[in-house]
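Below are the chains, spelled out letter by letter.
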Amino acid sequence: MLLDYFELNSNVMMHYFNSPEGIETLCSDMEVDHTDVRILMLAWKMKAEKQGYFTLEEWRRGLKALRADTVSKLKKALPELEKEVRRPSNFEDFYSYSFCYCLTEEKQKSIDTESICQLLDLVLGSQFRAQVDYFIEYLKIQSDYKVINLDQWMGFFRFCNEINFPDLSNYNPDLAWPLILDIFVEWMQAKQS
């Protein structure tokens, strides 16, 4: 069993999992690119706290939840994990987690817009392609926002779920939207005219 193996060989476990290089080795052994969204989903399932590292406790929790005791079984569990994450009851939590997981410094509360663009594409791109593409385009050309905070990140998720796109007919700027989304909508409306 994979857990027993790592418990008996803790030095191997530490090398294999408790470092970014170890995560890349795991990805290689599962034949999954380390930038694949399913690796972020795996981190979510393990409730991993630090990007690029899985502790023994996180590893155990994830393997137990996925009922996987080999790397091969872990790879086979990824499609079911993806289905689980994509359920509406789980996806908002995963979306929020993905932002928090990328906060790599202590007391960090925001992420630079370049990284946000990559994260949006990875996490939300398959569900809301048009919204993500336009928002990324906007983030790249605007100069007012260098970073995005969790409130803005979650606001964009709500925007994608609630606002008719691309006509934006039900967007009401008087409601409690982050200012960046008000400006994004103005930019979209100007672009459409």
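Note that the coordinates shown come from a computational prediction; the quantities given were computed from them, not determined experimentally.

### A word on the nonpolar core
Thought 1: Residues Phe54, Tyr95, Leu120, Leu124, Phe156 and Phe159 are the most contacted members of the largest nonpolar core, which totals 63 residues.
Thought 2: A per-element tally of this core places helix α4 (residues 37-46) first, with eight residues.
Thought 3: In terms of domain composition, this core takes at least three residues from each of domain 1 (1-86) and domain 2 (89-192).
Thought 4: The residues touching Phe156, leaving out its near neighbours within four places in the chain, are Tyr95, Leu120, Leu124, Gln131, Val132, Phe135 and Leu181.

### As for the environment of Ser115
Thought 1: Its place among the elements puts Ser115 in helix α8 (residues 113-124).
Thought 2: For the pair Ser115 and Phe54, spaced 61 residues apart in sequence, the C-alpha separation works out to 22 Å.
Thought 3: A distance of 2.9 Å separates a polar atom in the side chain of Ser115 from a polar atom in the side chain of Asp112.

### Thoughts on helix α7 (residues 88-101)
Thought 1: Counted at 1.5 Å a residue, the expected span for α7 with its 14 residues is 20 Å, and the 20 Å between its end C-alpha atoms agrees.
Thought 2: Taken together, the buried positions of α7 are Asn90, Phe91, Phe94, Tyr95, Ser96, Tyr97, Ser98, Phe99 and Tyr101.

### Here's the deal with the domain arrangement of the chain
Thought 1: Taken as a whole, the chain is organised into domain 1 (1-86) and domain 2 (89-192).
Thought 2: For domain 1 and domain 2, the distance between their C-alpha centroids amounts to 28 Å.
Thought 3: Contact residues are listed per partner, giving 16 residues for domain 1 and 14 residues for domain 2.
Thought 4: Each partner contributes to the roughly 1300 Å² buried at the junction of domain 1 and domain 2, and carbon and sulfur atoms together form 62% of this total.
Thought 5: The interface formed by domain 1 and domain 2 contains zero salt bridges.
Thought 6: Applying the counting criterion to the domain 1 and domain 2 interface returns seven residue pairs in polar contact (both at pLDDT 80 or more).
Thought 7: Tallying contributions element by element places α4 first for the side of domain 1 that touches domain 2, with five residues.
Thought 8: In the side of domain 1 that touches domain 2, the residues fall into eight nonpolar, three polar and five charged.

About the thresholds
Residues numbered from 1 in each chain as written. Predicted model: local features only at pLDDT ≥ 70, side-chain atom pairs only at ≥ 80, totals over all residues. Heavy atoms only, no water. Core = buried A, V, L, I, M, F, W, Y, C linked by side-chain atoms within 4.5 Å. Buried < 20%, exposed > 50% of the residue type's maximum accessible area, 1.4 Å probe, protein only. Helix = DSSP H or I, 4+ residues; strand = E, 2+ residues; numbered from the N terminus. Domains from an automatic or database assignment. Contact = heavy atoms within 4.5 Å. Polar contact = N/O pair within 3.5 Å; in protein donor to acceptor, adjacent residues only side chain to side chain. Expected span 1.5 Å × (residues − 1). Buried area = accessible area lost by both parts, 1.4 Å probe. Salt bridge = Lys/Arg side-chain N within 4 Å of Asp/Glu carboxyl O. Nonpolar A, V, L, I, M, F, W, Y, C, P; charged D, E, K, R; others polar.

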